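# Structural description and commentary
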Amino acid sequence: LAKTTQPISMDSYEGQEVNITCSHNNIATNDYITWYQQFPSQGPRFIIQGYKTKVTNEVASLFIPADRKSSTLSLPRVSLSDTAVYYCLVGDIGDMRFGAGTRLTVKP
Amino acid sequence: EAQVTQNPRYLITVTGKKLTVTCSQNMNHEYMSWYRQDPGLGLRQIYYSMNVEVTDKGDVPEGYKVSRKEKRNFPLILESPSPNQTSLYFCASSFWDRDTGELFFGEGSRLTVL
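Residues numbered from 1 in each chain as written. Chains lettered and ligands numbered in written order. Predicted model: local features only at pLDDT ≥ 70, side-chain atom pairs only at ≥ 80, totals over all residues. Heavy atoms only, no water.

## Section: the layout of surface pockets
Approximately 490 Å³ is the volume found for the largest pocket. Forming the boundary of the largest pocket are 24 residues, of which Val85(A), Tyr87(A), Arg103(A), Gln37(B) and Gly40(B) lie nearest the centre. Within the residue set of the lining of the largest pocket, elements represented by two or more residues are β8 (84–90) and β9 (102–107) of chain A together with β4 (31–38) and β9 (87–94) of chain B. The dominant element in the lining of the largest pocket, judged by the number of residues it contributes, is β8(A), at three residues. Grouping the constituent residues of the lining of the largest pocket by class yields 11 nonpolar, 10 polar and three charged. Approximately 420 Å³ is the volume attributed to the second largest pocket. (1 Å grid on protein atoms, 1.4 Å probe; cavity = no way out; pocket = protein on both sides within 12 Å on 5 of 7 lines; lining within 4 Å. Points joined across faces, edges and corners; volume = space filled by probe spheres on them. Helix = DSSP H or I, 4+ residues; strand = E, 2+ residues; numbered from the N terminus. Nonpolar A, V, L, I, M, F, W, Y, C, P; charged D, E, K, R; others polar.)

Written out as C-alpha cells, the structure reads:
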C-alpha cells in the first residue's frame, strides 16, 4: 500500500488560491490519486481523482508530475466554507486508506 | 436520491451489550466498507466487501463482524462492545470501477460504549 504524507494543517484567507501537496513515493503503476473533503461530523466527500498530468473539475484542480510521487490539490479562490479536512489517497477502491489529512482553515 | 443510510445515527450503550449498526445504499454499488474515525487518527477501515458474500478485513477489524447477504446492505455488528469502540463510524459504498473510484459516505453513527 502506498503511504501518503500531507501537511497536518494550513491556513489561508478568503479569495486566495490554496495548494495542498501530498507525497506518495511508493505509488504503484496502477494506483490512482484521489482527494476527499470532510466537514466536522460528516462523511468525506469526493473532490477529484487523477492518474497523471492535470485534472480539473468545477471545484478543484489536481496536478500530478510525471514521476507521480506527489500530487497537488489546488482550490481556487477559497471561501470560509472551504474550511475542512482534506485527504489524499492512492490505490484502487479496495485499498483506500485515509490518513490524518490536512486541516485547512480559511480566515476572513 | 442516491444515498448511503446508516442507523442509528447516535447510540449510547453499555459494555457487552450486542449491537448492530445498519448500512444501506440505493446505488447498486458492489463495494461497501466500514470506517471508524477517532480524533487525530483519521479514518481507519474496519471491514470491506467487494460484492455479496465477499468480505475482508481492513486495518482494525478486531471486535467487529460484518455480513453481506444482500447487495444493498452491509451491517456492522459489535458482539460485545467495549469502551475502546467508542467512536464515529462511517459506511461507504462505490462501484467497483477503477476509472471512477468515488466512495459515497453515509452521515455517520456516533457510538458511545460505557
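## Thoughts on the environment of Pro39(B)
The residue Pro39(B) is located in the loop between β4 and β5 (42–51) in this model. With 15 residues separating them in the primary sequence, Pro39(B) and Ser24(B) have C-alpha atoms 26 Å apart.

## Notes on the nonpolar core
Side chains of nonpolar character tend, in soluble globular proteins, to be buried together. By size, the foremost hydrophobic cluster in this structure holds 20 residues, and its most contacted members are Ile33(A), Trp35(A), Ile47(A), Leu73(A), Leu75(A) and Tyr86(A). Taken together, the elements giving at least two residues each to this core come down to β2 (18–23), β3 (33–38), β4 (45–50), β6 (61–64), β7 (70–75), β8 and β9 of chain A. Looking at this core element by element, the count peaks at four residues for β8(A). Counting residues in hydrophobic clusters, the runner-up holds 19 residues, among them Tyr47(B), Val60(B), Tyr64(B) and Leu76(B). (Core = buried A, V, L, I, M, F, W, Y, C linked by side-chain atoms within 4.5 Å. Buried < 20%, exposed > 50% of the residue type's maximum accessible area, 1.4 Å probe, protein only.)

## Quick word on the side chain of Ser33(B)
Topologically, Ser33(B) is positioned in strand β4. Each residue touching Ser33(B), except ones within four places of it in the same chain, is listed here: Gln45(B), Tyr47(B), Tyr48(B), Phe74(B), Phe90(B), Cys91(B) and Ala92(B). (Contact = heavy atoms within 4.5 Å.)

## With respect to the interface of chain B and chain A
If you look at the interface, chain B gives 24 residues, while chain A gives 19 residues. Carbon and sulfur atoms supply 52% of the area buried between chain B and chain A, which totals about 1,800 Å² over both sides. Inspection of the region where chain B meets chain A yields three residue pairs in polar contact (both at pLDDT 80 or more). With four residues, the top contributor of residues to the side of chain B that touches chain A is β5(B). (Buried area = accessible area lost by both parts, 1.4 Å probe. Polar contact = N/O pair within 3.5 Å; in protein donor to acceptor, adjacent residues only side chain to side chain.)

## Brief notes about the sheet that holds β2(A)
Residue and element names in this part refer to chain A. Spatially, β2-β7-β6-β5 is the arrangement adopted by the four strands of the open sheet, whose pairing is antiparallel. Of all the strands in the sheet, the pair left with one neighbour each is β2 and β5 (53–56). Recorded for the sheet is a direction-independent mean angle of 15° between the axes of neighbouring strands. Pairing of β6 with β7, which is carried by three bridges, proceeds in the antiparallel orientation. Its bridge partner being in β7, Ser61 is matched across the sheet by Ser74. (Pairing = 2+ DSSP bridges. Axes fitted to C-alpha atoms, helices over the stretch in contact; angles between N-to-C directions.)

## Considerations on the state of the cysteines
According to the stated counting rule, one finds two disulfides over all chains in the structure shown. There is a disulfide in this structure between Cys22(A) and Cys88(A), and the S-S distance comes to 2.2 Å. Taking the sign of the S-S torsion, -80° for the link of Cys22(A) and Cys88(A), the bridge is left-handed. Of this pair, Cys22(A) sits in strand β2 while Cys88(A) sits in strand β8, and the two are 66 residues apart along the sequence. Take Cys22(A): its relative accessible area is 0%, and that puts it in the buried class. Take Cys88(A): its relative accessible area is 1%, and that puts it in the buried class. A sulfur-sulfur separation of 1.8 Å characterises the disulfide bridge that pairs Cys23(B) with Cys91(B). Looking down the S-S bond of the Cys23(B) and Cys91(B) bridge, the torsion is -75°, so its handedness is left-handed. Highlighted residues: Cys23(B) in strand β3 (residues 19–25) and Cys91(B) in strand β9, separated in sequence by 68 residues. (Disulfide = S-S within 2.5 Å.)

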